[in-house]
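Notes for the structure review
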Amino acid sequence: MMHSPSNEVRDTPQNGQATISNGQMKLFPPQFEGLPARIEPGDHIRILVNGQPISQPVAVCQNDEIIVETISDPASTTCQIDLSSDQMQASVKLIKKEGCTYRVLDAEPVNHLVIRADVHERIIAPIHPKTVRENLTHAGVCYGIDPTMIDEVCRTLPDEPVVVASGYPGQPPADGKIVYLFGQSQHAPNSQQDRIDYRETNQIVSVTAGDRLAERIPPVAGKDAIKVTGRKISARPARPCMIKPGKGTALSDDERYYLATIDGQPEIKGKILQVVAVFQTKTVDISTGHVRFPGQVNISQDVAENMLVEAKSSVRIMGSVNRARIISGADIEIIQSSIASRIQAGGHSAIHKSVASYFQEIQLILKQLAENLQLMQQSFSEKGTSSPIKEGQLIKILIEKKFPQLEVQITHLATYIRQRSDFLDKSVIDLLGLLETRLLGIGPIQLTGFFLTQIIRLIEQTASQLLEAAGQQGNILIGYVQNCQLDASGDILIRGKGSYNSELTAGGSVRMVGQPGIFRGGQIRAGGNIEAGEIGSQAEIATHVSAGRGALIKARIIYPNVTITFASFSEKITVKTGSFSARLAEKGILITGYPL
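Residues numbered from 1 in each chain as written. Predicted model: local features only at pLDDT ≥ 70, side-chain atom pairs only at ≥ 80, totals over all residues. Heavy atoms only, no water.

**Comments concerning unusual backbone geometry**
Threshold: Under the scheme used here, helices are H or I runs from DSSP no shorter than 4 residues and strands are E runs no shorter than 2 residues, and both carry numbers assigned from the N terminus. Relative accessibility under 20% of the residue-type maximum defines a buried residue, over 50% an exposed one, and the middle range a partly exposed one, all with a 1.4 Å probe and only protein chains included.
In this structure, P516 follows Q515 across a cis peptide bond, with omega equal to 5°. With respect to the secondary-structure elements, P516 resides in the loop between β36 (510-512) and β37 (518-526). With a phi angle near 60°, Q87 is a residue other than glycine that sits in the positive phi range. Locating Q87 in the fold gives a position in the loop between β8 (76-83) and β9 (89-97). Residue classification places Q87 among the partly exposed residues on the basis of a relative accessible area of 28%.

Below, the structure is given as structure tokens:
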């Protein structure tokens, strides 16, 4: 029997099907004795059929109760406490196991449905600060815990270890120390200057009595370190630092400072701080720089050109001095020669005494001038007449006719002062200006007897002040002198060949004791005696020698064109004379000797 096509299709068996959409399962029953749909759980899926979990494929129908659930991976976070090797830090390291939640995947209708899932959300488990603190306690950490940092770790869950506890490192002790308060004073070169005076770049370290040399800083105890476990590490004891005060030094009353008790150069020998009053050097040249020292200076060789040696005490030079300056508050000894140099012994005293001597001589001349003026005025008064000329004109006539030495003395004083103005007060310079203005040239015409008396008083006052300022006496002992300027508040002694074309000024005597002991050219001005083998020369070079009022000038030979002076009296030698001797007598200069 034949069937129609439609009946054949309708009678063909059709299997049941299952599908999932938006997490919901839907079943399609079988037809014409087809097979029922089967379901099976995949990974992370749990299926309950009529309340019973299944793990294998199970046939289901529409009457079955089917529940499909996802199985999540749980997350966990624990912590590990790590201590540094010195136990000064504790770190928290989080150990995190990531969790996941899943969702059911949609599926097309099929007879055998494997229900699958994919990741819905990844999760990290939190950790509580209490848990971290408990772990710290378990690890023995009890000091330096930072609660804020623990809270931050629990909030941010970092991947890297985080320090949550720190020990106290302690404070190292400060050992006692000595801070030296003296140092080498140097003039730093200025790159903007066109020239740098390298003679000033090496200054000697020196101090004066009362200066602070060093400060003693006491030790300060350290503080114990504390580990995060609470264990203390004791700080080492602080060590004191002590040096002993040596010669020329002492401790202050509070024993905080080392003080200089003398002027000199500070030095450290081992653990002894001392001040030595003598500075010693081989030479003075560009390598040493100028030497300025508040004590004694000893130089074993020479002083080079354009160098300065200045000492508060004496200076001893075993070699020569060439175109240099030597200034000493006491004696100066130069064993060999001095060429074109300025030597000053006795500090400013030498200059003060010499200027005072000039002023005193000028004062005596002015007093005699004032007496003569008064006699002339009395003479006119006794005759019952007034002077036919003014006082100023009388004064000028007296200077020109009777006291020509006044101009000579003022001129010499002006030369002397201007060469040494750096060492004199402004009042002295001003007085010189007054003398030049009022007593030289036509200046006297404007003078009166009263003003002349005022000048005399001012000179006397200035000379007295200069003598008061002159302190320590300094002598010069030297071998040979040429083209030099020597100033000594005491004596000048030349032990070699003599002095040539030099200017010697002494508050005391000047003596040429060597052979032949020549003084030739230039000028000697001494407050005491002057003694030489020869004064002047066969060539009759102009030579000037001036001694104090009660002094004596002696020479084995004196040559023509030598001018000798005592106070306001001068005389020029015109004949070569042997066994020469001169002194100031009542009416002038008394000379003895015999012509040669």
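Moving on from the model shown.
**Overview of the environment of F569**
Which entries qualify depends on this criterion: The contact criterion used is simple: two residues touch if any of their non-hydrogen atoms lie within 4.5 Å.
For F569, the location among the structural elements is in strand β42 (residues 569-572). The residues touching F569, leaving out its near neighbours within four places in the chain, are I564, L584, K587, G588 and I589.

**Description of the packing of aromatic side chains**
This is how the line gets drawn: Put simply, two rings from Phe, Tyr or Trp (the six-membered ring, in Trp's case) pair if the centres are within 6.5 Å, and we call them stacked under 30 degrees between planes, edge-to-face over 60, tilted for the rest. Here, a charge over a ring means that NZ of Lys or CZ of Arg falls within 6 Å of the ring centre while also lying within 35 degrees of the ring normal.
Applying the stated rule across the entire model yields four aromatic pairs. Summarising the aromatic geometry, the rings of F279 and F293 are spaced 5.7 Å apart at their centres and angled 40° between planes, so their arrangement reads as tilted. Of this pair, F279 sits in strand β24 (residues 278-281) while F293 sits in strand β25 (residues 291-293), and the two are 14 residues apart along the sequence. Grouping residues by exposure puts F279 and F293 together as buried. Ring plane angle 50° and centroid distance 5.8 Å describe the contact between Y480 and Y500, whose orientation is recorded as tilted. Here Y480, found in strand β33 (residues 476-482), pairs with Y500, found in strand β35 (residues 492-506); they are 20 residues apart in sequence, far enough to count as distant. Across from the ring centre of Y416, 3.6 Å away, lies the NZ or CZ of R420, which sits over that ring. Positioned over the ring face of Y358 is R525, at 3.5 Å from the centre of the ring.

**A closer look at the layout of surface pockets**
Going by this rule: Put plainly, a pocket is an open set of points on a 1 Å grid over the protein atoms alone with protein on both sides within 12 Å along at least five of seven lines, a cavity is a set where a 1.4 Å probe fits but cannot get out, and a lining residue has an atom within 4 Å of a point. Grid points are joined across faces, edges and corners, and a volume is the space filled by probe spheres set on the points. Under the convention adopted here, Pro, Cys and the residues Ala, Val, Leu, Ile, Met, Phe, Trp and Tyr are nonpolar, Asp, Glu, Lys and Arg are charged, and Gly plus all remaining residues are polar.
Counted as a void, the largest pocket has a volume near 250 Å³. Lining the largest pocket are 18 residues, and of these K353, S357, R525, A526 and G527 lie nearest its centre. Contributions of two or more residues to the lining of the largest pocket are made by α4 (349-382), β35, β37 and β39 (543-547). Among the elements that line the lining of the largest pocket, the one with the most residues is α4, at seven residues. Counted by class, the lining of the largest pocket contains seven nonpolar, eight polar and three charged residues. When its volume is computed, the second largest pocket comes out at roughly 160 Å³. As for the second largest pocket, its lining consists of 14 residues, and the residues nearest its centre are Q405, V408, H412, T565 and S570. Elements supplying a minimum of two residues to the lining of the second largest pocket: α6 (405-419), β37, β39 and β41 (562-566).

**As for the sheet that holds strand β4 (residues 45-49)**
In any sheet, the strands associate via hydrogen bonds between backbone groups, in a parallel or an antiparallel arrangement. Stated formally: Whether two strands pair depends on DSSP finding at least two bridges between them. Working convention: axes come from line fits to C-alpha atoms, limited for helices to the stretch in contact. Angles between N-to-C directions cover 0 to 180 degrees.
Read across the sheet, three strands follow the order β5-β4-β7 without closing on themselves; strand pairing throughout is antiparallel. One side of each edge strand has no neighbouring strand; the edge strands of this open sheet are β5 (52-54) and β7 (66-70). When the angles between neighbouring strand axes are averaged without regard to direction, this sheet yields 30°. As judged from the three bridges shared by β4 and β5, these two strands associate in the antiparallel manner. Bridge pairing in β5 places V49 opposite Q52.

**Describing the environment of V562**
In this structure, V562 sits in strand β41. Not counting chain neighbours up to four residues away, the residues in contact with V562 comprise I535, G536, T543, V545, E571, K572 and I573.

**Considering the sheet that holds strand β11 (residues 107-110)**
On the basis of which strands lie adjacent, the open sheet formed by three strands has the order β2-β1-β11 and antiparallel pairing. The sheet is open, and its two borders are formed by β2 (24-28) and β11, each paired with just one other strand. The mean angle between the axes of side-by-side strands here comes to 20°, regardless of whether they run parallel or antiparallel. Of the strand pairs in this sheet, strand β1 (residues 17-21) and β11 are connected by two bridges, and their pairing is antiparallel. Looking at the pairing, A18 lines up with V110 of β11.

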